[in-house]
Amino acid sequence: MSEQGAGREMLKMHNVSKCFPGTLAVDCVDFDVRAGEVHALVGENGAGKSTLMKLLAGSFNDYTGTVRIDGQEVKLHTPAQSKAHGVGMIYQELSLARPITIAENLLVGKLPVRGLFINDREVKRQARELLSRVGLDKLDPSLPVSAISQCEAQLVEIAKSLGDNPKILVMDEPTSALSSEEVHRLFAIIRQLKAQGIAVIYISHHLQEVFEISDRVTIMRDGRRQGTYQTDRITKAEMTHLMVGRSVDEFYAQRISAIGDELFRVEGLSRWGFFHDVSFSVSAGETLAVCGLAGSGRTELARAIVGVDRYDEGRILLQGEEVRFANMFQAIQSGVVYLTESRSVDGLAIRLTAAENIMSAHIPDHAKGIFYKAADGNRDVQELIEALNIYPAAAQRQALNFSGGNQQKILMAKWLATNPKVLILDEPTRGVDIGAKEIIHKAIDRLAKQGTAIILITSDLPEIVGLSDRAVILRNGHVIGEIPRNGILETELLMAANGEGEYVHV
Amino acid sequence: MSETNFDSNPACTVHRVRETSKFAQWINRLGVYVVVAALLIIGMAVAPTKFLSLENIRNTLQSVSLMGMVAVGMSFVVYSANFADLSAPMIIAFSGMITISSIRMGFVPAFVIGVLSGTLLGAISGFVIGKLRAHPVIWTMAYNFVLSGIVRWIYMGSQIYPDVIAPDSAAVDTFYNLSRASIPIGDFSLSWMTVVMLAMIVLGQLILKRTKFGNQLKVVGSNYEAARLSGINVTGVIITVFMIAAFCFAVTGVFFASISKMGAYYNGEGYDFRAVTAVLLGGMTLMGGKGDMIGTFGGALVMGMLTNIMNLIGVSTFEQYMVLGVAFLIIVWITTISDRKLGKS
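Source: prediction; values computed, not measured.

> Go over the packing of helix α5 (residues 88–101) of chain B against helix α13 (residues 234–260) of chain B with me, naming the residues and quoting the values.
All names here are of chain B. In contact at an axis separation of 7 Å, α5 and α13 are set at 55 degrees when each is read in the N-to-C sense. The angle between α5 and α13 falls in the class oblique. For the pair α5 and α13, the crossing hand works out as right-handed. The residues of α13 that touch α5, namely those facing Ala88, Ile91, Ile92, Ser95, Gly96, Thr99 and Ile100, are Ala246, Phe249, Ala250, Thr252, Gly253, Val254 and Ala257. Class assignment of the residues belonging to the contact of α5 with α13 gives a composition of nine nonpolar, five polar and no charged.

What follows is the structure in structure tokens.
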């Protein structure tokens, strides 16, 4: 361990683990950062990067393993403890309050006072000082945050965390909302912070950025560390391979799909600011993957198709006839259904029973006039519970008392119960264990074999490889290419989502 | 591949989903009827002869009836996770006054007009909350204030009397009789008001449990977004909820005006708060989607019995206010705790 000023080991995590019900999110990971170094952390969604960083931020009090900061062993059981030990976090979503001034945001919780009153001059002086550290010398700190640009807000956010004099700064996807010019400005700031001896941990899906800014890179997969490399000694291809790693062939049996006639077509669909001129078609029995990074407009696209959100231009054809759903009810009646991304927010009614959740989307189908008896759906519910192996098989148990994987199966059952013609799946296996994942995948495959057209939106690349017949690439709201069945490989998908590779046309 | 593979990892036992505690389950299963039983025992202890007399039972049921009707309406609002309809007092007052104003058209038309106009007032709330997504508490509070202004302006802030509006009319007698007539059952007699309340409880229970609307309402109350994304017409459901609630308030208003033989803007005062207390006592929670009308009936009984016992032992009205207020706080506290134990993980 080198002990000179720069390059001193600021953070050393040894053998840390953290588990959630059913999954080991971080599994015996070693991770370290030196002062004045940018250490990138990469991996697919669910690889454990965010959990590892949350652990560092003091979000969990039940992790195992040891964490040393600046050579001293510390406990990070609350966010306050982490902060006190010099860990600064900058999240993807800004934590600034938009209506109040930049200065007040920067100095929140530690506004300088004179007697009972706030010392305005001192507030401005301190705010200016912090802003100058991120190159925003010219910005007036008395402006409200709502008056500045997204990029400036991002930099103000960094300035805010610098106010606590962090030794370690964690940046989680800091560029997701920035243009390429702004990214370069951010990188200049990061280099300055490096020069000031701060240890920076940089999380990103954009591999290009990782190569540009980081000194070392750690690759994670399935909660484990796959390796740590000097960034200049690893190639993009090697990195991609390590991120993707596992052999898919063992997990997914060879699929044989019987693709029928075209069932569903989207032509030139646009919703200003979200997605533009999106066209694709899906046939009966076909699984089409929509491949793109989070924020590429894929969820917005799905919501517009089923009538939850509006769209501005374009048309949707179901079995050759134009349809425009005013709400989800019409979509379901026509057989177009959408399994939402977040089961706890808009998927399940978590306090209702499994049976009530499974039936919730097709109460009208079981109703006799205005009357409806919950027990009438029991047979369907029981069949679905068996088909999807929901454990425990207790229809009358509240959804919140099931594990994450089984909750996801309940959500899947809810949509299977509606007998869809076109099924749009948004992250159907996010945050579930391998066992549940396999069962959900088999259900999707079975449905495709019965002639359902499936649109699969997922960040899980092996899932796309294992399930889909074709993939469209969505980037920044535009379709930039299509990958045929034989071209669907994880490396290719990862490149395509980043706007590169042979199938990208724009 | 078995599901439980991952559970065998010893490091993973920390964050198991906790089963609901015994206490919370117990509170949920027996619910409010434990309190009803306790109050029965207390009542017999403090006034052994009086408490169980037919006279006293009839009085208690009578006083429970009005609040019970309001509570049925309020239950729908609470069940839909819209907290409470605070415009109940003015809808009660307004529909009573409309009925009295139109009493010259005959009793039945006046009754129908009063109830319909009350229900329409609820439809407006439903539209503003369901369609425009106003916050239910803020909106109904403001709405109540506006309605109170309108009613005072129309009637110049004074009471109205049916026998002044239509002297010597048979309709007025029928109107007075509405709250005074009763159905004899052996030695006992049950007032019409109580019958109407019981009918509302039964009907409300049927609507909640056995109709398409009730089952969709349960999903809406439990998770609004999930309901919307399940193809449920959430706007329609919420408008219907506020209309049903206002219908119940309006019927209450007509009975209230009949009891007091007059209409006044202050007729419904305090009913919002007491009805919400009864509903929460009955096992519904402000998070919505939980509880039923049987519980609400229990809650209304508890409120009535509590008042009755306090009257029997000579607690003054002012002191009763304090007791009811404290009871409300305790209920909210207990239900919040048991919600937290049952609800969000």
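Picking up after the structure, the text goes on.
> An account of the pattern of salt bridges is needed here, citing residue identities and associated values.
Oppositely charged side chains may form a pair once their charged atoms are brought near each other. Residues and elements named next belong to chain A. Per the counting criterion, the structure on display carries 31 salt bridges over all chains. Between arginine 470 and glutamate 482 there is a salt bridge, with its nearest N and O atoms 2.9 Å apart. Remark: glutamate 482 occurs in strand β22 (residues 478–484) and arginine 470 occurs in strand β21 (residues 470–475); sequence separation between them is 12 residues. A cluster of three or more residues bridged by salt bridges with shared partners is formed by Glu262, Arg265, Glu267, Arg315 and Glu322.

> How would you summarise the pairing of strand β19 (residues 422–426) of chain A if you had to cite specific residues and measurements?
Residues and elements named next belong to chain A. For β19, a buried count of five out of five residues is recorded, marking the element as mostly surrounded by other parts of the structure. Burial of the side chains of β19 extends over both faces: Val422, Ile424 and Asp426 are buried on one face and Leu423 and Leu425 on the other. One ladder, built from five bridges, connects β19 with strand β20 (residues 453–457); its direction is parallel. When the sheet's bridge partners are listed, leucine 423 is paired in β20 with isoleucine 454.

> Account for the domain arrangement of chain A, with residues named and values stated.
Residue and element names in this part refer to chain A. For chain A, the domain assignment lists domain 1 (9–244), domain 2 (252–335 + 421–506) and domain 3 (352–419). Averaged C-alpha coordinates put domain 1 and domain 2 at centres separated by 33 Å. With 12 residues of domain 1 in contact, the opposing surface of domain 2 contributes 12 residues. Between domain 1 and domain 2, the buried area comes to about 940 Å², and carbon and sulfur atoms account for 60% of it. Summed over the shared surface of domain 1 and domain 2, the number is one salt bridge.

> Any details on the side chain of lysine 49 of chain A? Residues and values, ideally.
All names here are of chain A. Counting through the fold element by element, lysine 49 comes out in helix α1 (residues 49–56). One buried charged residue, lysine 49, forms no salt bridge at all, with the nearest opposite charge on glutamate 173 at 5.2 Å. Apart from residues lying up to four places away in sequence, lysine 49 is in contact with Leu41, Val42, Gly43, Glu44, Ile203, His205 and Met220.

> Break down the environment of methionine 303 of chain B for me, citing the residues and quoting the values.
All names here are of chain B. Summarising the element assignment, methionine 303 is placed in helix α15 (residues 293–312). The exposure class assigned to methionine 303 is buried, which follows from its relative accessible area of 3%. Linking methionine 303 and methionine 67, residues 236 residues apart in sequence, is a C-alpha distance of 8.8 Å. In this view, methionine 303 contacts Met67, Arg274, Thr277, Ala278, Leu281 and Leu324; residues no more than four positions away in its chain are not counted.

> Can you break down the side chain of asparagine 357 of chain A residue by residue, with the values?
Residues and elements named next belong to chain A. Checked against the element boundaries, asparagine 357 lands in helix α12 (residues 354–359). Residue classification places asparagine 357 among the buried positions, given a relative accessible area of 1%. Not counting residues up to four positions away in its chain, the partners in contact with asparagine 357 are Leu348, Ala349, Leu352, Ala399, Ile410 and Lys414.

> Before we move on, can you summarise helix α9 (residues 298–305) of chain A with the specific residues and values?
For an α-helix, the turn length of 3.6 residues means that residues three or four places apart are oriented alike. Residue and element names in this part refer to chain A. Among the eight residues in α9, seven count as buried, and that is most of the element. Buried residues of α9: Arg298, Thr299, Leu301, Ala302, Arg303, Ala304 and Ile305, and no others. Looking one or two places after α9, you find glycine 307, whose phi comes out positive at around 90 degrees.

> Give a description of helix α15 (residues 404–416) of chain A that names residues and reports values.
Residue and element names in this part refer to chain A. For α15, built from 13 residues, the straight-helix expectation of 18 Å at 1.5 Å per residue is met to within 8% by its first-to-last C-alpha distance of 18 Å. For α15, a buried count of 12 out of 13 residues is recorded, marking the element as mostly surrounded by other parts of the structure. Every buried residue belonging to α15 is among Gly405, Asn406, Gln407, Gln408, Lys409, Ile410, Leu411, Met412, Ala413, Lys414, Trp415 and Leu416, and all of these are buried.

> Describe the packing of helix α10 (residues 192–210) of chain B against α15 of chain B, and please don't skip the residues or the numbers.
Residue and element names in this part refer to chain B. At their nearest, the axes of α10 and α15 sit 8 Å apart, and the two run at 150 degrees to each other. If you check the angle between α10 and α15, you find them roughly antiparallel. Along its contact with α10, which presents Met197, Leu198, Ile201, Gly204, Gln205 and Leu208, the element α15 presents Met293, Ile294 and Phe297. A per-class count over the contact of α10 with α15 returns seven nonpolar, two polar and no charged.

> Go over unusual backbone geometry, please, and point to the residues and values.
All names here are of chain A. Of note, the amide linkage connecting tyrosine 391 to proline 392 takes the cis form, showing an omega dihedral of -5 degrees. Tracing the backbone through its elements, the reader meets proline 392 in the loop between α14 (378–387) and α15. Here aspartate 222, not a glycine, exhibits a phi torsion of approximately 50 degrees, which is positive. Residue class for aspartate 222 comes out partly exposed when judged on its relative accessible area of 39%.

> Which residues make up the sheet that holds β19 of chain A, and what are the values?
Residues and elements named next belong to chain A. In spatial order, the strands read β18-β19-β20-β15-β21-β22; together these six strands make up an open sheet with mixed pairing. Sheet topology places β18 (336–339) and β22 at the edges, where each strand pairs with a single neighbour. Neighbour to neighbour, the strand axes of the sheet diverge by 20 degrees on average, direction disregarded. Note: strand β15 (residues 287–291) against β21, four bridges, orientation parallel. Opposite leucine 288, over in β21, you have arginine 470 as the bridge partner. Strand contacts of α9: β15, β18, β19, β20 and β21, with the helix running at about 145 degrees to β18, the strand carrying the most contacts. Docked against the sheet, helix α18 (residues 490–497) engages β15, β21 and β22, running at close to 25 degrees with respect to β21.

> Lay out the environment of leucine 339 of chain A in plain terms, naming residues and giving numbers.
Along the chain, leucine 339 of chain A falls in strand β18. In this view, leucine 339 of chain A contacts Gln408, Leu411, Met412, Trp415, Ile424, Leu425, Asp426 and Pro428 of chain A; residues no more than four positions away in its chain are not counted.

> Let's hear about the packing of aromatic side chains: which residues, and what values?
Any aromatic ring pair is given by two values, namely how distant the centres are and how the planes are angled relative to each other. Residues and elements named next belong to chain B. Inspection of every chain in the model, using the stated rule, returns seven aromatic pairs over all chains. Plain terms: the ring middles of phenylalanine 107 and phenylalanine 111 are 5.9 Å apart, the flat faces sit at 50 degrees to each other, and that makes the pair tilted. Of this pair, phenylalanine 107 and phenylalanine 111 both sit in helix α6 (residues 107–131), four residues apart, which is roughly one turn of that helix. With a relative accessible area of 16%, phenylalanine 107 lands in the buried category. On the basis of relative accessible area, phenylalanine 111 is assigned to the partly exposed category, the value being 23%. A ring pair is formed by tryptophan 139 and tyrosine 143, whose centres lie 5.1 Å apart and whose planes are at 20 degrees; its orientation type is stacked. Placement of the pair is tryptophan 139 and tyrosine 143 together in helix α7 (residues 136–154), with a separation of four residues, close to one helical turn. By relative accessible area, tryptophan 139 is classed as partly exposed at 23%. With relative accessibility at 7%, the residue tyrosine 143 sits in the buried group. One cation-aromatic arrangement involves arginine 274 over tyrosine 271; the distance from NZ or CZ to the ring centre is 5.3 Å.

About the thresholds
- Residues numbered from 1 in each chain as written.
- Chains lettered and ligands numbered in written order.
- Predicted model: local features only at pLDDT ≥ 70, side-chain atom pairs only at ≥ 80, totals over all residues.
- Heavy atoms only, no water.
- Axes fitted to C-alpha atoms, helices over the stretch in contact; angles between N-to-C directions.
- Helix = DSSP H or I, 4+ residues; strand = E, 2+ residues; numbered from the N terminus.
- Parallel < 35°, antiparallel > 145°, perpendicular 65-115°, else oblique.
- Left-handed = near helix turned anticlockwise from the far one by under 90°.
- Contact = heavy atoms within 4.5 Å.
- Nonpolar A, V, L, I, M, F, W, Y, C, P; charged D, E, K, R; others polar.
- Salt bridge = Lys/Arg side-chain N within 4 Å of Asp/Glu carboxyl O.
- Buried < 20%, exposed > 50% of the residue type's maximum accessible area, 1.4 Å probe, protein only.
- Pairing = 2+ DSSP bridges.
- Domains from an automatic or database assignment.
- Buried area = accessible area lost by both parts, 1.4 Å probe.
- Lys, Arg positive; Asp, Glu negative; His and termini not counted.
- Expected span 1.5 Å × (residues − 1).
- Phe/Tyr/Trp six-rings, centres within 6.5 Å; stacked < 30°, edge-to-face > 60°.
- Lys NZ or Arg CZ within 6 Å of the ring centre and 35° of its normal.

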